[in-house]
Amino acid sequence: MKEAPDEELMAAYRGGDAGAFEILYARHRTRLFRFVLRSIKARAIAEELYQEIWMRVIEARASYAPKARFTTWLFTIAHNHLVDHWRKRGLTLVALEGEDIASASPDPADQAQARESLERFAATLEALPPLQREAFLLHEEGGLSVAEIAAATGSNEEAAKSRLRYAMAKLKAAVNDG
């Protein structure tokens, strides 16, 4: 069942196959956690929200119907949970927690330049308007298409496409400005 599509695995899980859930969790845990972590500045809160999102998946299994890709459904749940979190706290801006990623080059100058580019990228991502940042993260971390981003966020495709395009342009400019 390892090679089964996500939608079949979710249907199997809905039918009581706990092993199918384990496969889905293993496939999507890293991307989903990165999406949550980059949407919420505090790691402890991100970890808590991440677990709550998986609990919502478990709770919603009985009503799952493959109308879209499983990842669209999963990231829609994540989006809605994050929106609820932000509303409860009156937050309008989410942030990227800094990461220490070094260049593969052994040259210290190359590593310093790569680190500066990453810092500019992270600062620009953090400064993006929330809707643009979310579109970018859903695309990059969730692997969602423009249509799936629109479905996950409850917007139309043109809005999702525009948000993603503006985010990509700003992030590209930030990295290339060095």
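What you are looking at is a predicted structure, and each value in this text was computed from that prediction instead of being measured. Note that residues are indexed from 1 along each chain, following the sequence as it is written. Whole-chain, interface and lining totals are the exception, using all residues; otherwise, since this is a predicted model, local features are given only for residues with pLDDT of at least 70 and side-chain atom pairs are given and counted only at 80 or more. As a convention, hydrogens and water are excluded, and side-chain values are obtained from all of the structure's heavy atoms.

Attention shifts here to the nonpolar core. Think of a nonpolar core as a cluster: buried Ala, Val, Leu, Ile, Met, Phe, Trp, Tyr and Cys residues, connected wherever their side-chain atoms sit within 4.5 Å. Burial classification: accessible surface area is computed with a 1.4 Å probe over protein chains only, and a residue below 20% of its type maximum counts as buried, one above 50% as exposed, and the rest as partly exposed. Core analysis: the largest hydrophobic core is formed by 46 residues, its most contacted members being M10, L32, F35, V36, V57 and W73. Counting residues per element, the ones that place at least two in this core are α1 (6–14), α2 (18–39), α3 (43–60), α4 (70–89), α6 (130–140), α7 (146–153) and α8 (157–176). Contact between two residues is taken to exist if any of their heavy atoms lie within 4.5 Å; hydrogens are not considered. Not counting the four nearest positions on each side in its chain, V57 is found in contact with M10, F21, W73, L74 and I77. Put simply, DSSP H or I for four residues or longer makes a helix, DSSP E for two residues or longer makes a strand, and each gets a number counted from the N terminus.

What follows covers the confidence of the model for the protein. Low pLDDT means the predicted atomic positions in that stretch should not be read closely. Summary of the metric used: pLDDT quantifies the predictor's per-residue confidence within the range 0 to 100. Averaged over every residue, the pLDDT of the protein is 82; the share at 70 or more is 83%. Counted against residues more than four places away or in other chains, residues 91–105, with its pLDDT under 50, gives 37 contacts.

Time to look at the environment of L131. Along the chain, L131 turns up in helix α6. For L131 and A160, which are 29 residues apart along the polypeptide, the C-alpha to C-alpha distance reads 8.7 Å.

It is worth spelling out the environment of N156 at this point. Mapped onto the fold, N156 is located in the loop between α7 and α8. Each C-alpha atom, one on N156 and one on V146, is 9.3 Å from the other, the two residues being 10 residues apart in sequence.

Residues separated by three or four positions in an α-helix point in the same direction, a consequence of the helix having 3.6 residues per turn. Restricting attention to buried positions, one finds in α7 the residues E148, I149, A150, A152 and T153. In the segment just after α7, G154 is the residue with positive phi, at about 75 degrees.

As a further point, take α8. Here the expected span of a helix is defined as 1.5 Å times the quantity of residues minus one. The end-to-end C-alpha distance of α8 is 28 Å, a good match for the 28 Å that 20 residues give at a rise of 1.5 Å each. Looking only at α8, the buried set comprises A160, L164, A167, L171 and A174. Taken around the axis of α8, the buried residues stretch over an arc of 95 degrees, which confines them to a single face. Opposite the packed face of α8, turned more than 90 degrees from it, sit the exposed residues E158, K172 and N176. Identification of polar contacts relies on pairs of N or O atoms within 3.5 Å, with a donor-acceptor requirement for protein atoms, meaning one able to donate a hydrogen and the other able to accept it, and with residues adjacent in sequence counted only if both atoms are side-chain atoms. For α8, the capping residue at the N-terminal end is N156, with a side-chain oxygen 3.1 Å from the backbone nitrogen of E158. Within this analysis, the arc is defined by the directions that extend from the helix axis to the C-beta atoms.

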